[in-house]
Amino acid sequence: MVSSSPGSVLRAVLSRWKSYRHRFVPWVALNLARNRRTLRYVSESSSDKLVPDADVNSTLVNLFQALFRADLYRQRDLLHMLPDCTKFSYYNPDIGDSQNCNTERDAILQVDEILYRSLGFTIERRLSSLDTAGIGVFISRGFVPKGAVVSMYPGAIYQKYEPIFFQSVGNPFIFRCLDGILIDGNDKGISKSVYWSCSRRDQLGPLKMCDSTWLTSTPHNPLAVGQYVNNCSNEKEANVCYQEIDVPDTFPVELRQYIPNVCYSHESEGPLRCVILVALRDIHCGEELFSNYFTIIR
């Protein structure tokens, strides 16, 4: 049996504390005054919209349509099931084996190129510029203008009354919406298993109602990495903010396969909740994305 030294135990405790102190209400209350730059103030929840929902929806539809066109080589059976008016907007008789991605690297390059052509930038996950922050999200190519949708927060969606205790244990990736709805963005452990189960449950034949590839290293939706955006600090000011949107009923059914969210309950009523990250200012290539984990509603 190998015994742990007091020093290693202390380091482990401190490391765990740094990960979870932002969820410990007494610590948050005591540190608000000296961490003003890490706070975001909202006058009222209904006006917490930097970008109109219609513009966000248009951005996502345009990107997802580009992804769908690139994926048609592996979704031809699905294309034939769509209404003619929808089918003809995608149909390309020249699609052939040249569209096929033979390796994981080819798939990543293709998705990044689609994102760049659609929105003018690409993003990637790598070691954060903040000490002890772990993985962060960076602009790896191009330029992000103020007000642009730069990322999405993936995960299973829980209503306030639904059970999430076991999923929340040791889980720093749970996002709380302004109305109390929770989004579990953890791509490991129980959270991963729950999402896989829900995503398969909601599938209608070949029609997928959500994206589960964000649980892997090669997400089909390149924006689905928002859970890795780190909290700002007094040295690193926030350059993105969270914005909650509800997916409209008119959202194209063939594009729902790129939405990285699914409801925990099959009987959940109302529109699907999503959280996107919007640029607070122009963001240049090489910059890391930082958000505000704390929002104060006045």
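Residues numbered from 1 in each chain as written. Predicted model: local features only at pLDDT ≥ 70, side-chain atom pairs only at ≥ 80, totals over all residues. Heavy atoms only, no water.

You'll find the protein entered in an unreviewed UniProt entry as SET domain-containing protein, with Staurois parvus given as the organism.

> Which residues make up the overall build of the protein, and what values go with them?
The number of helices and strands found in the protein is eight helices and 14 strands. Every one of the 298 residues in the protein was classed for burial, and the buried ones make up 45%. Excluding contacts between residues fewer than 6 apart, the proportion of contacts in the protein whose partners are at least 24 apart in sequence is 75%. (Helix = DSSP H or I, 4+ residues; strand = E, 2+ residues; numbered from the N terminus. Buried < 20%, exposed > 50% of the residue type's maximum accessible area, 1.4 Å probe, protein only. Contact = heavy atoms within 4.5 Å.)

> Give a description of the pairing of strand E9 (residues 240-247) that names residues and reports values.
One face of the sheet, then the other: side chains in a regular strand alternate in exactly this way. Extensive coverage of E9 is indicated by the burial of seven of its eight residues. Relative to strand E11 (residues 272-279), E9 runs antiparallel, the two being bridged by eight bridges. Residue pairing in the sheet places Ile-245 in a bridge with Cys-274 of E11. (Pairing = 2+ DSSP bridges.)

> With reference to specific residues and values, describe the environment of Leu-130.
As for its position among the elements, Leu-130 is in the loop between strand E2 (121-127) and strand E3 (135-144). Residues Leu-130 and Asn-230, 100 residues apart in the sequence, show an inter-C-alpha distance of 8.7 Å. With residues up to four places along the chain from it excluded, the contact list for Leu-130 reads Asn-231, Ser-233, Lys-236, Glu-288 and Phe-290.

> Give a detailed account of the sheet that holds strand E4 (residues 149-153), specifying residues and quantitative values.
One open sheet accounts for three strands, arranged E4-E11-E9; its pairing is antiparallel. At either margin of the open sheet sits one strand with a lone partner, and together these are E4 and E9. The sheet shows a mean angle of 35 degrees between the axes of neighbouring strands, direction not considered. Contacts from helix H3 (residues 53-71) reach E4, E9 and E11, with the element oriented near 85 degrees to E9. (Axes fitted to C-alpha atoms, helices over the stretch in contact; angles between N-to-C directions.)

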